[in-house]
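The primary structure of each chain is shown beneath.
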Amino acid sequence: MRLGIQLGYHGSGFAAAADEVAEYESAGAELVVVPEAYSFDAVSRLGFLAARTRRMGLMSGVMQLQTRTPTLTAMTAAGLDHVSGGRFTLGLGASGPQVIEGFHGIAFGSPLGRMRETVAICRAVWRREPLRYDGKHHRIPLPPGEGTGLGKPLKLINHPVRDRIPIMLAAMGPRNVALAAEIAEGWQALFLDPHAAAPVYAAALREGLSRRDPSLGPLDISVPLPFAIADPTPELLAGHRAQLALYFGGMGARTRNFSNDLLRRYGYPGEAALIQDLFLAGRRAEAAGAVPDAVLTGTSLVGPPSVIRDRLAALAAFGVTTVLVSPLAATRAERVKDVATLRAVLDEP
């Protein structure tokens, strides 16, 4: 199982975070993931990390589908792969209407079709093919009658380090999970509880894997997890509880919240409705208190080494191949020590 580091939305403290990432690399971490949402862009921070690391992989976690053209997404991925010496993985996600329409002013829609087309276009760009694509959502070059009529098929000027940069799709809904299993090298599963996930995702994974091109290799399933080698006290898990309440309650509209839908599929429809009602009413502390303890525990990696081993075994049994940890310890030295301990646990026979 690979060990990765999931960064948060660092602002003014990003230089210090990069110093810490370099220490995580020395402690055995193999990957660092940078989010985007409606924070600073992921690309500039990934470029910074490319210069501050030597071996570990870099991944966007995730760049939003509709905020860049597919061609720009491909160019950006090729550039990050170049400056990192072939260490970049393109993490993509659909985001949701509140961010895409509310922050970017772009109509949200057809995430499955757009994702399939974007992946195909990216791979054509990386192969340096003169770009021609006639899809439902993207037509390159623009057809006659649209634009000036002067567009012509172009290919990427530079030669990419790799003509097949790995792609990881973040997905929660069954159709998105099936798509990730079909067309991507990896699937990022947010809030995956290995004890509850099998009935939720099994059919979608089977469907996608049945159509998977063998050349993609085995599906890499990565899971972000708050992490500490310590007793799982309420104080230590308070941040994770608040994050779950944010996503289950407010990361999306009442009628369209993918995280809330996941909680319902886990078997908590009443709790999902209550968390959303409380959060949208501004009662955030009460919403956090309504998060089921089993979900809090199942979506974290906190405890003594014996508990950590059991949680890792459960994740592996589901099929997880990469853990993306967010260390919770109070000091930098403690966080680095915890990552080194986790590396040792993962390396046990």
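Draft legend 1. Focus on the layout of surface pockets. By volume, the second largest pocket amounts to about 380 Å³. Taken together, 20 residues make up the lining of the second largest pocket; nearest its centre are Met75, Val125, Lys155, Leu156 and Ile157. If you tally residues by element for the lining of the second largest pocket, the top one is helix H3 (residues 70-83), at five residues. For the lining of the second largest pocket, the residue count by class is 12 nonpolar, five polar and three charged.

Draft legend 2. Region of the structure containing helix H1 (residues 14-26). Given a rise of 1.5 Å per residue, 13 residues ought to cover 18 Å, and the 19 Å separating the end C-alpha atoms of H1 matches this to within 8%. Listed in full, the buried residues belonging to H1 are Phe14, Ala17, Ala18, Glu20, Val21, Tyr24 and Glu25. Along H1, the residues classed as buried sweep out an arc of 165° about the axis, all on the same side. Summarising the contacts, the buried residues of H1 are in contact with strand E1 (2-6), strand E2 (31-34), helix H2 (42-52), strand E12 (322-327) and helix H14 (332-346). Following H1 by one or two positions, Gly28 has its phi on the positive side, about 115°.

Draft legend 3. Spatial organisation of the pattern of salt bridges. With the rule as written, the count across this model stands at 19 salt bridges. The salt bridge involving Glu20 is made with Arg335; its shortest N-O contact spans 2.7 Å. One end of the pair, Glu20, is in helix H1; the other, Arg335, is in helix H14, and 315 residues separate them in sequence. The pair Glu20 / Arg335 is uniform in exposure class, with both members buried. Beyond isolated ion pairs, a larger network of salt bridges with shared partners links Arg116, Glu182, Glu207 and Arg211.

Draft legend 4. Representation of the environment of Pro141 within the structure. As for its placement among the helices and strands, Pro141 is situated in the loop between strand E7 (139-140) and strand E8 (167-170). Residues Pro141 and Gly151, 10 residues apart in the sequence, show an inter-C-alpha distance of 5.6 Å. Once residues lying within four places of it in the same chain are set aside, the contact partners of Pro141 are Leu131, Arg132, Gly151, Lys152 and Pro153.

Draft legend 5. Spatial organisation of the nonpolar core. Membership of the largest hydrophobic core comes to 96 residues, with the highest contact counts inside it found for Trp126, Trp187, Leu192 and Tyr201. It is helix H5 (residues 111-126) that contributes the most residues to this core, seven residues altogether. Ignoring sequence-local partners within four residues, the contact set of Tyr201 consists of Met172, Val177, Trp187, Leu192, Leu262, Arg265, Tyr266 and Phe318. Among the nonpolar cores identified, the runner-up in size contains six residues, and Leu31, Val33, Met59 and Val62 belong to it.

Draft legend 6. Structural detail: the packing of H5 against helix H6 (residues 174-183). Contact geometry of H5 with H6 gives a least axis separation of 10 Å together with a crossing angle of 20°. Judged by the inter-axis angle, H5 sits roughly parallel to H6. The handedness of the crossing between H5 and H6 is right-handed. Along the contact surface, H5 presents Leu112, Met115, Arg116, Val119 and Arg123, while H6 presents Arg175, Asn176, Leu179, Glu182 and Ile183. In terms of residue class, the contact of H5 with H6 is built from five nonpolar, one polar and four charged.

Calculation notes
- Residues numbered from 1 in each chain as written.
- Predicted model: local features only at pLDDT ≥ 70, side-chain atom pairs only at ≥ 80, totals over all residues.
- Heavy atoms only, no water.
- 1 Å grid on protein atoms, 1.4 Å probe; cavity = no way out; pocket = protein on both sides within 12 Å on 5 of 7 lines; lining within 4 Å.
- Points joined across faces, edges and corners; volume = space filled by probe spheres on them.
- Helix = DSSP H or I, 4+ residues; strand = E, 2+ residues; numbered from the N terminus.
- Nonpolar A, V, L, I, M, F, W, Y, C, P; charged D, E, K, R; others polar.
- Expected span 1.5 Å × (residues − 1).
- Buried < 20%, exposed > 50% of the residue type's maximum accessible area, 1.4 Å probe, protein only.
- Arc of directions from axis to C-beta.
- Contact = heavy atoms within 4.5 Å.
- Salt bridge = Lys/Arg side-chain N within 4 Å of Asp/Glu carboxyl O.
- Core = buried A, V, L, I, M, F, W, Y, C linked by side-chain atoms within 4.5 Å.
- Axes fitted to C-alpha atoms, helices over the stretch in contact; angles between N-to-C directions.
- Parallel < 35°, antiparallel > 145°, perpendicular 65-115°, else oblique.
- Left-handed = near helix turned anticlockwise from the far one by under 90°.

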